[in-house]
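Remarks on the overall topology
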Amino acid sequence: MSRESPGERDVTPNAGRDSTRERDASPRAHRDTGHERDRLRVENLTTRFFTEEGQVNAVESVSFDVREDEILGIVGESGSGKSVTALSAIDLIESPGRVTDGEVWLREPDLAEEFRERTPDAVDGDFVDLRRLPKGVRRSLRGPKFSMIFQDPMSSFNPSLTVGEQIAEAVEVQRRASANPRSTRSRTQGYGLGKLIVDTLVPGREYTSDASRERAIELLEQVGIPDPVERADEYPHQFSGGMLQRAMVAQALAGEPDVLFADEPTTALDVTIQAQILDLLRDIQRDRGMSVVLITHDLGVIARMCDRVGVMYAGEVVERGSLADVFEQPTHPYTQGLLGSIPDVEDPAPRLQPIEGNVPNLVDSEMPDRCYFADRCPKAMEACLERPAERPVDGDPDHTARCVLADGEYDPATALPDDYFEEDPEATDAPAEGGAADD
Amino acid sequence: MSFARFLTKRLLQGAFVVWGVVTIVFGLRVIAPGDPANVLLPPDVDPEVRRQVVADLGLDEPLHVQYWEFISGIPVGDLGTSLTTGTEVTARVARSIPATLELAVAATVVAVIIAIPLGVVSATNRHEAPDYGATLFSLAGISTPNFWLGVMLIIILSVQLNWFPTSQRAIGLPAVLTFLFSGELEAAGAGFVTWLWYITLPAITLGTYFTALITRLTRSGMLDELGKTYVRASRAKGLPESLVRYRHVLRNTLIPIITVVGLQLGTLIGGAVITEFVFDWPGLGQVLINSINSRDWPMVQGSLIVISVGFVVVNIVVDTLYSYVNPRVGFDG
């Protein structure tokens, strides 16, 4: 398959997209003002898992920004750190994992005002750094600012509460928060164990109110669930996968979030249902002017849905930019490889070009001090034996790649021989371990 | 399946189990050594008198007739008469049921009240001091034999410190309730305090193993639940940690524990024998041990039947409750 063909096959979905785009003359038209429209800026986010097998560098200095009213795609193979990146951004990493470095800047003028005096480090203009805010404040942002939907809807709902009740619960949390903002940030949100026990044991006393339950039914209706009144009283196991994923979306919308993270939202579903869920996500994103971060391993989904893309490999974002930039002028050889490995119905080339080798396992002691992709890269050069920084492609700050090719040319004279990484990996790794330990 | 059908099915199953127990108990008497006539009569008795007594007891009939005699009395509550005292077995056993039930329920309450909070603290502070403390406690609790624990509690808390009575049951809960319903509130209050005072040590003794067991189950169950995706989803939608932990995780953890508590309650009804013996508690266990010692077969049979019926009833109640709290099971089980 030629270098151009990924771009060509992209034409079809893009064409359909552009025609829908023309209908809503949205502010998307002028992309250059993007930075002013940033809602979330993630900078150098680094997450480690401290397991018994050693330290795993799941997310390695990842940066990206999420703008108003857009769908940002994050694409990569399984194990490339996509999901952990999203969980790190909204502070849902659990032990033994920990976000060890980086900043998550959220545009939130009220909070910025509140913390400008107290913790000046955590404020930058209208932005606040979530990692420097108190834990209670971070928690209170989940729901009204961020929400997340997950891959498998069946395991993402509590099996022993009705779907309506679980959505109503998410509504109720926000209702109580706005009724009593002072207790919003406490660990129990003013809803202590004693009250909880009473509400559980005394019949007629519930955590959720009638208003919240009605709102839950409205939300179910909005995500296209037929007979929402009846379905609200059903348990997750009574739903089909597609219907339950719709309910999951309804639940995520309960707090009216600005940014919705969708972690492989269609992977566990039938192909026919996948399209419906993607359409639903896009409609909702447009109607509400929400930002969606769509995490997937499926390039077709990215092409169909996203405005901008980040490609992840071995815990790093190796390339990011607009959909057109990344799909039509892929710069990083990994991106090129990914695009070259999709079968093409219109041009059934005799053979696909898979990327040779395997994704590294991200254990710290085995991570080399060079470009992580060099051992699989068809264009590895001597310059690749140093860790590449993220750099603009041809001077465009909105299209970056973590690759020397971003602002350089492939030089066959310094190309590494094919068997370079096979003979003695220990020798090249030796200095890497010292370097990694310093981090 | 409707609730009525579910209940009918379970009751029929229960009746079948009880029939099995009754048959085995009858069989035991037939094969066990010791002729009941020997219990009643002096060794040098006239053979004619002996034959007469055996005939009166119906022991000269063929086995199937004896079996029918025995089993046909059970549905109408006739379990025969005691060989040693001549009293009705049904009346004697019925008199000892409240003491045993009180003890079993009190032990369960002690266990649940201590074990569930302990398990929660343990699971939510995994690999920290409270977790190690709770784990140590449950290990000790599981490995302490309750006859030893009972004796130790008596020596320390009753004999040395004089905080609790050493043994016996001064007043039963039925008597306390009688006072309450006849409006003698003061007597009822005093009676309840006395009852509590007497039952504390036996309940702790009987409940310790059970407490340890439930603590471990709560801990591991909760850790299991905490690792599930719905917990992460609940946090993602903004629920405060107390709601995630108690409304979602603990609730789901308790579903299987209800079964264990129920089964254990059944075991406690039959298994309080040693504790009842140590504390001279006038329950079924006492009756059973005394009647085994005196080869009082009708009494042994009677107490075993009552214990097995209790077990079956508790099981049905637990299954009903389980279907109620776990929507995935329904009444199909």
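Residues numbered from 1 in each chain as written. Chains lettered and ligands numbered in written order. Predicted model: local features only at pLDDT ≥ 70, side-chain atom pairs only at ≥ 80, totals over all residues.

1. A closer look at the overall build of chain B
Worth spelling out the cut-off: Secondary structure elements follow DSSP: runs of H or I no shorter than four residues count as helices, runs of E no shorter than two count as strands, and numbering proceeds from the N terminus. The burial label depends on the number of other C-beta atoms within 10 Å of a residue's C-beta. Counts of 20 or more mean buried, 12 or fewer mean exposed, and intermediate counts mean partly exposed, with C-beta atoms placed from the backbone. We call two residues in contact when the distance between their C-beta atoms, placed using the backbone, is within 7 Å.
Of regular secondary structure, chain B possesses 14 helices and 0 strands. Seen through its C-alpha atoms, chain B measures out along the principal axes to roughly 85 × 55 × 45 Å. Relative to its full complement of 333 residues, chain B shows a buried share of 35%. Considering only residue pairs separated by 6 or more positions, chain B has 73% of its internal contacts joining residues 24 or more positions apart.

2. Some details on the overall build of chain A
Along chain A, the regular secondary structure elements total 17 helices and 13 strands. In chain A, which comprises 439 residues, the proportion classed as buried is 44%. A fraction of 68% describes how many contacts in chain A between residues 6 or more apart in sequence connect residues 24 or more apart.

3. Regarding the nonpolar core
Our working rule: Think of a nonpolar core as buried Ala, Val, Leu, Ile, Met, Phe, Trp, Tyr and Cys residues, each tied to the set through C-beta atoms within 7 Å.
Judged by nonpolar contacts, the single largest core of 168 residues is most densely connected at I167(A) and V293(A). At 15 residues, the largest contribution of residues to this core is made by helix 5 (residues 89-124) of chain B. Sequence-distant contacts of V293(A), that is, excluding residues within four places in its chain, are made with V66(A), L72(A), I74(A), A86(A), V259(A), F261(A) and A262(A).

4. Comments concerning the sheet that holds strand 5 (residues 123-124) of chain A
Residues and elements named next belong to chain A. Going by this rule: Any two strands with at least two DSSP bridges between them are considered paired.
What the 5 strands build is an open sheet, ordered 2-1-4-6-5; its pairing is antiparallel. Whereas interior strands pair on both sides, the edge strands pair on one side only; in this sheet they are strand 2 (54-67) and strand 5. In terms of strand pairing, strand 4 (residues 97-107) meets strand 6 (residues 127-129) through 3 bridges, oriented antiparallel. Considered in strand 6, the bridge of R107 is made with F127.

5. Describing the confidence of the model for chain B
All names here are of chain B. Rules: The predictor's confidence in any single residue is recorded as pLDDT, a number from 0 to 100.
Put simply, chain B has an average pLDDT of 83, and 96% of its residues get 70 or more. Looking over chain B, one finds the lowest element-wise mean pLDDT in helix 2 (residues 36-40), namely 71, and the highest in helix 10 (residues 229-236), namely 91. For this predicted complex, the interface confidence reaches an ipTM of 0.80, while the overall pTM sits at 0.77.

6. A closer look at the pairing of strand 1 (residues 38-51) of chain A
Residue and element names in this part refer to chain A. One ladder, built from 10 bridges, connects strand 1 with strand 2; its direction is antiparallel. Counted as the bridge partner of L40 is V66 from strand 2. Across 8 bridges, strand 1 lies against strand 4 in antiparallel orientation. For T46, the partnering residue across the bridge sits in strand 4 and is D101.

7. Comments concerning the sheet that holds strand 10 (residues 308-313) of chain A
Sheet strands pair by backbone hydrogen bonding; their relative direction is either parallel or antiparallel. Residues and elements named next belong to chain A. Quick reminder of the rule: The axes are straight lines fitted to the C-alpha atoms, using for helices just the contacting stretch, and the angles between their N-to-C directions are given from 0 to 180°.
The 8 strands lie next to each other as 7-8-9-3-10-11-13-12, forming an open sheet whose pairing is mixed. The two strands at the open ends of the sheet, each matched to only one other strand, are strand 7 (146-149) and strand 12 (391-393). For this sheet, the mean angle separating the axes of adjacent strands, direction not counted, is 30 degrees. Relative to strand 11 (residues 316-322), strand 10 is paired through 6 bridges, and the arrangement is antiparallel. Of the residues in strand 11, the one forming a bridge with M312 is V317. Packing of helix 3 (residues 82-89) onto the sheet brings it into contact with strand 3 (71-76), strand 7, strand 8 (259-263), strand 9 (291-296) and strand 10, and relative to strand 9 it is tilted by some 150 degrees.

8. Some words on helix 3 of chain A
The buried fraction of helix 3 of chain A is high, at 8 of 8 residues. Of all the positions in helix 3 of chain A, only K82(A), S83(A), V84(A), T85(A), A86(A), L87(A), S88(A) and A89(A) are classed as buried.

9. Concerning the confidence of the model for chain A
Low pLDDT marks regions whose predicted coordinates should not be analysed in detail. Residue and element names in this part refer to chain A. Confidence along chain A averages 82 in pLDDT terms, with 82% of residues attaining 70 or more. Taken as a whole, residues 1-34 scores under 50 in pLDDT and shows 25 contacts with residues more than four places along the chain or in a different chain. Segment residues 427-439 is flagged for pLDDT under 50; beyond a separation of four residues in sequence, or across chains, it makes 10 contacts in the model.

10. Some details on the interface of chain A and chain B
Worth spelling out the cut-off: Amino acids are sorted into nonpolar (Ala, Val, Leu, Ile, Met, Phe, Trp, Tyr, Cys and Pro), charged (Asp, Glu, Lys and Arg) and polar (every other residue, Gly among them).
Contacts between the two partners involve 32 residues from chain A, matched on the other side by 23 residues from chain B. Within the residue set of the side of chain A that touches chain B, elements represented by two or more residues are strand 7, helix 6 (153-156), helix 7 (163-179), helix 8 (193-201) and helix 11 (241-253) of chain A. Within the side of chain A that touches chain B, the residues separate by chemical class into 15 nonpolar, 13 polar and 4 charged.

11. Here we look at the packing of helix 7 of chain A against helix 9 (residues 210-222) of chain A
All names here are of chain A. Here is the rule we go by: In this scheme the handedness of a crossing depends on how the near helix is turned from the far one: anticlockwise by less than a right angle means left-handed, clockwise means right-handed.
Closest axis-to-axis distance for the helix 7/helix 9 pair is 8 Å, and the angle between their directions is 120 degrees. Every pair of crossing elements has a handedness; the one defined by helix 7 and helix 9 is right-handed. Judged by residue contacts, G164, I167, A168, V171, E172 and R175 of helix 7 engage S212, R213, R215, A216, I217, L219 and L220 from helix 9. Considering only residue class, the contact of helix 7 with helix 9 consists of 7 nonpolar, 2 polar and 4 charged.

12. Thoughts on the environment of T229(B)
Following the sequence through the fold, T229(B) ends up in helix 10. Look past the residues within four positions of T229(B) in its chain and what remains in contact with it is F150(A), D152(A), S155(A) and S156(A).

13. Topic: the packing of helix 8 (residues 173-181) of chain B against helix 9 (residues 185-226) of chain B
Residue and element names in this part refer to chain B. Rules: Angle categories: roughly parallel below 35 degrees, roughly antiparallel above 145, roughly perpendicular from 65 to 115, and oblique for all the rest.
For the pair helix 8 and helix 9, the least separation of the axes is 8 Å and the interaxial angle reads 165 degrees. On the basis of the axis angle, helix 8 is roughly antiparallel to helix 9. The handedness of the crossing between helix 8 and helix 9 comes out as left-handed. For the pair formed by helix 8 and helix 9, the contact residues are L173, A175, V176, F179 and L180 on the first element and A187, A188, G191, F192 and W195 on the second. Residue composition of the contact of helix 8 with helix 9, by class: 9 nonpolar, 1 polar and no charged.

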